[in-house]
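# Structural features, examined
Each chain is listed here by its residues.
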Amino acid sequence: MAVSPHAFPPRKRRPSAGAFVSPKLADINLVKSLLSLSQEISSFKPFQCLLKRNSVSSINKSKLLSILFDELIKNPASVFFSPSTLLCFEEMYIVLQRIKTLLEDCSNGSKMWMLMQIQVLSNNFHELTLELSTLLDIFPFKEIELSQDVEELVVLVRKQCGKSKPVVDPGDVFLRLEVLTMLDRIEKEIVPDQLKLKKVMEDLGLRDGSSCREEIESLQDEIQNQVDEKSKSDIVSLIGLVRYANCVLFGSSTASKPDHRRQKSTSDLTIPADFRCPITLELMRDPVVVATGQTYDRKSINLWIESGHSTCPKTGQTLIHTNLIPNRALRNLITMWCREQGIPFETVGNNEKVNSVKGTKAAFEATKMTVSFLVNKLSGSQTMEAANGVVYELRALSKTDSDSRACIAEAGAIPILVRYLGSSVGLEHPNLQVNAVTTILNLSILEANKTRIVETDGALNGVIEVLRSGATWEAKGNAAATIFSLSGIHGYRKGLGRKTRVIKGLLDLAKDGPTSSQKDALLAILNLAGDRETVGRLVEGGVIQMVSGVIDELPEEAVAILEAVTRRGGLAAIAAAFNIIKKLGVILREGSDNARESASATLVTMCRKGGPEMVAELAVIPGIERIIWEVMGGGTARGRRKAATLLRILRRWAAGLDLDTNNVVDSSNMITMTVGTSRTILQA
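Residues numbered from 1 in each chain as written. Predicted model: local features only at pLDDT ≥ 70, side-chain atom pairs only at ≥ 80, totals over all residues. Heavy atoms only, no water.

## Details of the packing of aromatic side chains
The condition that has to hold: Any two of the Phe, Tyr and Trp rings considered here, Trp counted by its six-membered ring, make a pair once their centres fall within 6.5 Å; the pair's planes then place it as stacked at under 30 degrees, edge-to-face at over 60, or tilted in between. To qualify as a helix, a DSSP run of H or I must reach at least 4 residues; to qualify as a strand, a run of E must reach at least 2; elements of each kind are numbered from the N terminus. Each residue is assigned to one of three classes by its accessible area relative to the maximum for its type, calculated with a 1.4 Å probe on protein chains only: buried under 20%, partly exposed between the two thresholds, exposed over 50%.
Overall, the coordinates contain two aromatic pairs when judged by the stated rule. Seen from their ring centres, F69 and F89 are 6.3 Å apart, and the 70° between their planes marks the pair as edge-to-face. Of this pair, F69 sits in helix α2 (residues 52–74) while F89 sits in helix α3 (residues 83–108), and the two are 20 residues apart along the sequence. Like F69, the residue F89 is buried in the burial classification. These aromatic residues form a ring-pair network of at least three members: F69, F89 and F139.

## Considerations on the sheet that holds strand β1 (residues 287–289)
Here is the rule: Note on pairing: two strands pair once DSSP finds at least 2 bridges between them. Only heavy atoms enter the contact rule, under which two residues are in contact if any of them lie within 4.5 Å. Orientation is described by lines fitted to C-alpha atoms, with helices fitted over the stretch in contact, and by angles between N-to-C directions that extend from 0 to 180 degrees.
Strand order in the open sheet formed by three strands is β2-β1-β3, and the pairing between neighbours is antiparallel. The strands lining the two open edges of the sheet, one partner per strand, are β2 (295–297) and β3 (325–326). With two bridges joining them, β1 and β3 adopt antiparallel strand pairing. The partner of V288 across the bridge, within β3, is P326. Packed onto the sheet, helix α11 (residues 298–306) meets β1, β2 and β3 and runs at close to 95° relative to β2.

## Looking at the pattern of salt bridges
Opposite charge on two side chains makes pairing possible when the charged atoms of those side chains draw close. As a reminder, the rule being used: The salt bridge criterion pairs a side-chain nitrogen of Lys or Arg with a carboxyl oxygen of Asp or Glu, the two atoms within 4 Å.
Evaluation of the coordinates by the stated rule reveals 27 salt bridges. Of the charged contacts, one joins R298 and D286 as a salt bridge, the two residues approaching to 2.5 Å between their closest N and O atoms. You can see R298 sitting in helix α11 and its partner D286 sitting in the loop between α10 (229–250) and β1, a full twelve residues away along the chain. Overall, D286 belongs to the buried group, its relative accessible area being 7%. What you see here is one network of salt bridges that share partners, running through E563, R567, E597 and R638.

Right, here's the structure in full:
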């Protein structure tokens, strides 16, 4: 399948000067390449904010040189290069390549970082001009027949290059000093003067919320280009400043924009099981290996560890360290698969680019100032429309990092957000309800915030109300994900499991919601099923019937829940699951490795607790022994062990022997999808 080059991210590391090579062409073809390259440079628009004179000079020189190359192409008889002439033109091609790359980087990169590097970039332009001057000094006029006008033009370009000096506009120098002063004052907890801040942003061409968001993304990308930690930390400080400026100066510009980030380009494809993260069941973008040897998506396992867990989600073993080792081999395989499917592939999300860098005092204080401004503004909001704009900004900020989540909660945002969870708000302002519950969801990722949410009057009840009667599926799904997040603490899990409204809301959403919301509900149910008392309420509420209804569309999640419920639900759960045995047989034959593992474990539990009738129902499935042999031959280690146990049970039944009812659950009997971070927590 042909894939557009736009489907893949641009290079993250800029090439060194030595990375540029000549096209290894001769005579007229080399001249054509030079003409094409010089015309590409000529098509650039001069910079509007910084390095104006440098960009104008480089573009104009390229325009003049394109006239030279055009002249040579029009008179091909004059183009017979000696080795020295050929070398001169090849070197000229490399210099023009580097000029083009420098212009591209400055045009498409961060304006803030460009300002910080203004002297270095000016020197880069100057060095390339000097290299071009050297090549024009040895230009072989005697070998090549040129018209007098073109020859005079080349001489003119040579003189211009020879007189070139590093140029930095005094206005750029002053602007850089203003930004550095502002960062220094922020570090000292002094709020920037709003008029000065506005002037700085306008001088950089950042005149609205959209341009500020693009600048933040460019700064986040720029981190990947840096090697030293000092530069990375400086960029984090700049991100904090731009984020503050965006909220203070242009905060309302993002108010009513819908958030489409939950949509996945892979939703209509069957993702290979090995490419799915065991926590979220989504395609891994940056697979890493933890201490137990299991592979997870970096984003998922980071949030798992950040939430206070010290165990491996899949095996339950204690992590002896939290180092994450990139699984490059698997990432290469995923990249190849994405190329074949025509799916855009990104290795690391923007937030992780920032979170992997040590924060700075300036960045932290900028975050506190941003949060303080937004919370104060929300407290005084007179209209729902104004409130929606501020809550949207809090939602975006709460997604960025732990510091932001801590600052928002400490500033007292949770009680204010509770106001916008009610059904009356949802009916008249559904976007506001979605933004409010999603902000609470993002805040709940931080362990300390879970307690704040539960202990805030009306917060938990508000989330439950959104779960039951939210105005949109997105609101309901994010409410379910919040329940999932809060249930990560054992005490809260038991409390949530005692609430009938929670059980019913999750089961209804799992049955009737769209796929994304169903997954949120199923993960929350799976977490609650870790408590035996709650399992009884789930069984009474119809969890087995729900699983039967969704097992065809979402087999991994459904079977994982069934395993948990049958292990902890007693004979009532086993009896209710009797009619699902044939569906579990299909999962054994056609499911993913994780689904097969859970199905095998579930069937072992059902056969041991349910007695001969259960085994008889399993035995009549056509080719069941062959299917079990296939599971034993591949898949996960636990899946193979459970399949072997299941085969022994079948053979004992066929031989008329008593079933082994002892040791019902062995030490390996942990649910593959025990707990983790839901898809929505990662993307809200």
